[in-house]
Structure formats: C-alpha cells, structure tokens
Amino acid sequence: MKALAFADRCRDDLPGVPSPLLIRAVNECARELCRVGRLWRVTFQIETDGAGVYPLTPLPECGRLHDIDVVTLQDHEVLNVSRGASDLPEGTHWTRSGDAIELRCDPGTGTLVVQAVLIPDPDATELPDILYDEWIEAIQHGVKARLMASPNKTWSAPQLVTYHADQWATKLAIARSYGRAGGTTARRRSVDPWARRGGRAL
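What counts as what
Residues numbered from 1 in each chain as written. Predicted model: local features only at pLDDT ≥ 70, side-chain atom pairs only at ≥ 80, totals over all residues. Heavy atoms only, no water. Pairing = 2+ DSSP bridges. Helix = DSSP H or I, 4+ residues; strand = E, 2+ residues; numbered from the N terminus. Salt bridge = Lys/Arg side-chain N within 4 Å of Asp/Glu carboxyl O. Phe/Tyr/Trp six-rings, centres within 6.5 Å; stacked < 30°, edge-to-face > 60°. Contact = heavy atoms within 4.5 Å. Axes fitted to C-alpha atoms, helices over the stretch in contact; angles between N-to-C directions. Expected span 1.5 Å × (residues − 1). Buried < 20%, exposed > 50% of the residue type's maximum accessible area, 1.4 Å probe, protein only.

S.K.: Before we go on, may I ask you to explain the sheet that holds strand β7 (residues 100-103) in this structure?
M.R.: Two modes of strand pairing occur in sheets, parallel and antiparallel, and in both the strands are linked by backbone hydrogen bonds. The strand order across the open sheet formed by 4 strands is β2-β7-β6-β5, and the pairing between neighbours is mixed. With partners counted over all chains shown, the strands left at the sheet margins are β2 (52-55) and β5 (79-80), one partner each. Strand direction decides the pairing type here: β5 and strand β6 (residues 93-97), joined by 2 bridges, are parallel. Note that in β6 the partner of L79 across the bridge is H93.

This is the structure:
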C-alpha cells in the first residue's frame, strides 16, 4: 500500500500540511507500530548444507529486518545462541548476523524456516497492508499528535494534541500486547504485501 494512501487518510483536521511532512509522520508512526507490535512478519525458507551464514533475502520492498522470532529445521526449533550457552541443549544453534542468520553447528541438509519481524524503511514509499487494514486509526492519532503540536502552522491545534497523544499511546499499548502474544493479529494472514511479486520471502 502506498504511503501516500495512508497520508490521505490522515489529512482531516490538518489543513495545508505538505505531503512530504505528512508522509514522514506516517512513516514514523508505522515504524513505531511495527517495532512495538511486531506486526510485520515474513517467513524465509532456506535450504541448508551445513554451518555457515545464510542471507535472509530478498527482503520485501521498503522494509528492513528488525528481529528474528523463531527458527525451525525439520519442524524442530533451533535455539538462539543468545539464550546462554549453559542453557543450550545438544544440537544446532543460530545467531543473527546483519540481514543473515548464522548457524553455529552443522545441521546437515534440510529446510531452515525463519520467522522474521520487519519494520519499514524511514523513507518508505510503501507500507505493509496490515497497517492500513487494521491500524490506520492508530496511525491517524499518532500523526495528528505529532503535527498538531507544530507551532504557528495552519494545521496547528495544540488543544487537540493531548487527546490524540493519549489515543496513540493506547493503540501502541494494544500493539505491544499483540507483539508479546506472538503477533496474533498479524498471523491471521500473510503479512508480506509483496509476496505476490515472487522471491523467497513467503
């Protein structure tokens, strides 16, 4: 979904606000929602042939890797090295290496399934559909809380800033609860809006 479509849904009560400023505020809110709520999730399938570094590519357009949730191999979870060496059982372990996953032990051959969390680029021109479908109201409140606080502008409305800031904080808290629960809302559908274009991110 084009970032401009989000901006158009946020123009109400912001007379005269320039589109670039509006889109920047939309992107800031979208990044915060995705970071806190872990709302944008994709799955990578990687054929392994031993220990080593495996890039998580291609990343969806206008997105970047934020975190890795779960890694499985042949339907068995592979543990993250960061859990602490004393807690790790025998087997294959992984760690993140930039936009790649590093297998520390040789798992043999098989399909590695990596569930990852993305956030939009700061200057993204497109945003994941789930934000428009389920979180547009949150973004509207966040954008208005930011822009209405601008002094001496045609869109300034300091008397409404507290209301929109409170609503934004409430929506962020709801998003955070989804993230802690494993992204229940996000898992209802494929959340990669560019998967239809091909590639290995499912």
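Following the structure, the description resumes.
S.K.: Is there a simple way to explain the pattern of salt bridges in this structure?
M.R.: Charged atoms that come close allow side chains of opposite charge to pair. Taken as a whole and judged by the stated rule, the model has 11 salt bridges. The salt bridge involving K144 is made with D13; its shortest N-O contact spans 3.4 Å. With K144 in helix α4 (residues 136-147) and D13 in the loop between α1 (3-9) and α2 (19-37), the pair connects residues that are 131 residues apart, well separated along the chain. Among the salt bridges present, the one from E102 reaches R104, with a minimum N-O distance of 3.5 Å.

S.K.: Explanation requested: unusual backbone geometry in the structure shown.
M.R.: Apart from glycine, the bulk of residues carry a negative phi angle, and the bulk of peptide bonds sit in the trans form. Residue P58 follows T57 across a cis peptide bond; omega there is -10°. The phi dihedral of D13 falls on the positive side, at around 70°, and the residue is not glycine.

S.K.: Help me understand the packing of aromatic side chains, please; the structure alone is not making it clear to me.
M.R.: One pair of aromatic rings is described through two measures. These are the centre distance and the angle between the planes. All chains considered together, the criterion is met by 2 aromatic pairs. Taking the centre distance of 5.2 Å and the plane angle of 85° together, the rings of F6 and Y132 count as edge-to-face. Here Y132 lies in helix α3 (residues 129-134) and F6 lies in helix α1, a separation of 126 residues in the sequence. Relative to Y178, the ring of W135 has its centre 5.7 Å away and its plane inclined at 85°; by these criteria the two rings are edge-to-face. On the criterion of sequence distance, the pair formed by W135 in the loop between α3 and α4 and Y178 in helix α5 (residues 158-180) is long-range, its members being 43 residues apart.

S.K.: What's the story with the sheet that holds strand β3 (residues 63-73) in this structure? I'm lost.
M.R.: Here 4 strands make up an open sheet; going across it, the order is β1-β8-β3-β4 and the pairing antiparallel. The open sheet has two free edges, formed respectively by β1 (40-49) and β4 (76-77), since each of these has just one partner strand. Sheet contacts for α2: β1, β3 and β8 (109-120); angle to β8, the most-contacted strand, approximately 135°.

S.K.: Would you mind going over the pairing of β6 with me for this structure?
M.R.: Put simply, side chains in a regular strand alternate between the two faces of the sheet. Looking at chain direction, β6 and β7 are connected through 4 bridges and run antiparallel. The residue of β7 that forms the bridge with R96 is I101. Counting the residues in the hairpin turn of β6 and β7 gives 2 residues, including G98, whose phi is positive at 65°.

S.K.: Help me understand α5, please; the structure alone is not making it clear to me.
M.R.: An α-helix turns once per 3.6 residues; consequently, residues spaced three or four apart project the same way. Relative to the 33 Å expected for 23 residues at 1.5 Å per residue, α5 spans 33 Å between its end C-alpha atoms, a close match to the ideal helical length. For α5, the complete set of buried residues consists of V161, H164, W168, K171, L172, A175 and G179. Looking at the buried residues of α5, the elements they touch are α2, β1 and α4.

S.K.: Sorry, what's going on with the environment of V143 here?
M.R.: If you trace the backbone, V143 turns up in helix α4. We classify V143 as buried; its relative accessible area is 0%.

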